[in-house]
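# Structural description and commentary
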There are 2 protein chains.
Amino acid sequence: IIVAKVDELLRPHGVLAGKRILVTAGGTREPLDPVRYLGNRSSGKMGYAIAEAAALRGAEVILVSGSTGLNPPRGVLVKMVETAEEMRQAVLAEYAACDVVIKAAAVADYRPKEIAEHKIKKTGETLTLVLEKNPDILRELGALKRHQILVGFAAETQDLLGNAQEKLAKKNLDMIVANDVTLPGAGFNADTNIVKLIYRDGSVEELEQMPKKRVAEIVLDRICDLLTKRG
Amino acid sequence: IIVAKVDELLRPHGVLAGKRILVTAGGTREPLDPVRYLGNRSSGKMGYAIAEAAALRGAEVILVSGSTGLNPPRGVLVKMVETAEEMRQAVLAEYAACDVVIKAAAVADYRPKEIAEHKIKKTGETLTLVLEKNPDILRELGALKRHQILVGFAAETQDLLGNAQEKLAKKNLDMIVANDVTLPGAGFNADTNIVKLIYRDGSVEELEQMPKKRVAEIVLDRICDLLTKRG
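Residues numbered from 1 in each chain as written. Chains lettered and ligands numbered in written order. Predicted model: local features only at pLDDT ≥ 70, side-chain atom pairs only at ≥ 80, totals over all residues. Heavy atoms only, no water.

Let us look at the interface of chain A and chain B. Many structure descriptions define interface size as the accessible area lost when the parts assemble. At the junction of the two partners, chain A supplies 40 residues and chain B supplies 40 residues. For the pair chain A and chain B, the summed buried surface comes to about 3900 Å²; carbon and sulfur atoms form 48% of the total. The largest contributions to the chain A side of the interface with chain B come from Tyr 37, Arg 41 and Lys 122 of chain A, which together make up 19% of the buried area. The tally of links from chain A across to chain B stands at 12 salt bridges. The residue Lys 133 of chain A makes a salt bridge to Glu 125 of chain B at a minimum N-O spacing of 3.9 Å. For the pair chain A and chain B, the interface holds 31 residue pairs in polar contact (both at pLDDT 80 or more). Sorting the residues of the side of chain A that touches chain B by element identifies strand 3 (36-40), strand 8 (126-133) and strand 9 (149-156) of chain A as the ones contributing at least two each. (Contact = heavy atoms within 4.5 Å. Buried area = accessible area lost by both parts, 1.4 Å probe. Salt bridge = Lys/Arg side-chain N within 4 Å of Asp/Glu carboxyl O. Polar contact = N/O pair within 3.5 Å; in protein donor to acceptor, adjacent residues only side chain to side chain. Helix = DSSP H or I, 4+ residues; strand = E, 2+ residues; numbered from the N terminus.)

Set out below in structure tokens:
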């Protein structure tokens, strides 16, 4: 406990102290019927690590979380949500009052067009599911952006840099954290990550494999730099 | 700890001691691509409670488990699986040597016909997903049944008794545990359950709402009766 306290005192509280930071984490679930859903493999570890680290630096942290098996970090305001639409509502309600938004959640791009009221019985040999697009929360936040620093994540399985740079531009982000989820020691469920940090000026910072908690600290350091530059 | 020990000593070890019991629990996940999957809301609590209680009664327990956020119970042999097909393989490998099989898992009835090698990008306004039937593990076990006691679960949202009785007959089960997952205090994620136990002779035993651990004990008591009658 003493070590933790000293550690906390030595951190660069300055820039984030009192800042309002919204973090999203975990994956959304899109129901097909009362029993089944479309999900994704986000463990929530990266987002929870960022939320916890930001709170330790003195920020007021709001964590909007999809399903994870994790305990919410201490000292953080947590709102649990299930679907992309629920996450959208929760994020939009807080957005105007936030200084920084970090969208680490894996939000489903598509949801079933119709949700069956009762459990779908297995009758036919095949079942065709029509999915429709979910709202693009990050794009909406980018379009509404005023004073906020907006940070996104890109979990890709191919053409990491190209896909991430396109996402940064299209969604009007200030920074994007990109990781190739197919690498061992990176992505979903791993305790470590291998990420690239990409900025609006086109610069790319490649980080080596490190614990997600360490990635969280570096992401927050870079956000502090962005806040300082903005003045 | 002393209470637990006394409790353990007072249990009817006799019938289950040394019996080999296979329990399945949790939900399966059927991948669409490296990131997304079709899942279901099984928490694994009911199956894990049965596995733990059977081990405490002296049975040799094999737990074949899909995704859950639970810690495997002590003294139980656990095999983690992801898809219905993996669960099928794991169960069939152990089936011949088992005296009792309790299938509490929520196995996906359908899986995506094709698994995309890379993360599906959101291009179109809609996405059509073709699902194909998964193997029906319980039906296969029913057809292969020799000396085993075979117990199934039915999680329904309507016509509970009708659906469960049909399942009991079609799959050649000895008993089925049926619950309406729409009731408060029953089904997925709840710590309690409200179940009906249905037998081959058509008799139905309705249990009131009670903790899943208590349901587990009653299910095992009834299985002991079935084993004793069989002699």
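Moving on to the relation of the copies chain A and chain B. Rotating chain A by 180° and translating it 0.0 Å along the rotation axis places it on chain B, where the RMSD comes to 0.0 Å. A rotation of that kind, with that shift, is consistent with a two-fold axis. Looking at chain A, 100% of its interface residues are interface residues in chain B too, so the copies touch through the same face. (Least-squares fit on C-alpha atoms with pLDDT ≥ 70 in both.)

Here the focus is the sheet that holds strand 7 (residues 110-112) of chain A. Within the open sheet, the 4 strands sit side by side as 7(A)-8(A)-8(B)-7(B). Their pairing is antiparallel. The outermost strands of the open sheet, each flanked by one partner alone, are strand 7 of chain A together with strand 7 (110-112) of chain B. Mean inter-strand twist for the sheet, computed between neighbouring axes without regard to direction, equals 40°. Pairing analysis gives 3 bridges linking strand 7 of chain A to strand 8 of chain A, with the strands arranged antiparallel. Looking at strand 8 of chain A, one finds that Tyr 110 of chain A is bridged to Lys 133 of chain A. (Pairing = 2+ DSSP bridges. Axes fitted to C-alpha atoms, helices over the stretch in contact; angles between N-to-C directions.)

Our next topic: the pattern of salt bridges. Pairs may arise between side chains of opposite charge once their charged atoms sit close together. Per the stated rule, a full pass over the model turns up 44 salt bridges over all chains. Two residues, Arg 88 of chain A and Glu 85 of chain A, come together in a salt bridge whose shortest N-O distance is 3.0 Å. Here Glu 85 of chain A and Arg 88 of chain A lie together in helix 4 (residues 84-95), a separation of 3 residues that amounts to about one turn. Given a relative accessible area of 26%, Glu 85 of chain A falls into the partly exposed group. A salt bridge links Asp 109 of chain B to Lys 122 of chain A, with the shortest nitrogen-to-oxygen separation between them at 3.4 Å. Of this pair, Asp 109 of chain B sits in the loop between strand 6 (100-103) and strand 7 while Lys 122 of chain A sits in the loop between strand 7 and strand 8, which puts the two residues in different chains. Classification of Asp 109 of chain B as buried rests on a relative accessible area of 15%. (Buried < 20%, exposed > 50% of the residue type's maximum accessible area, 1.4 Å probe, protein only.)

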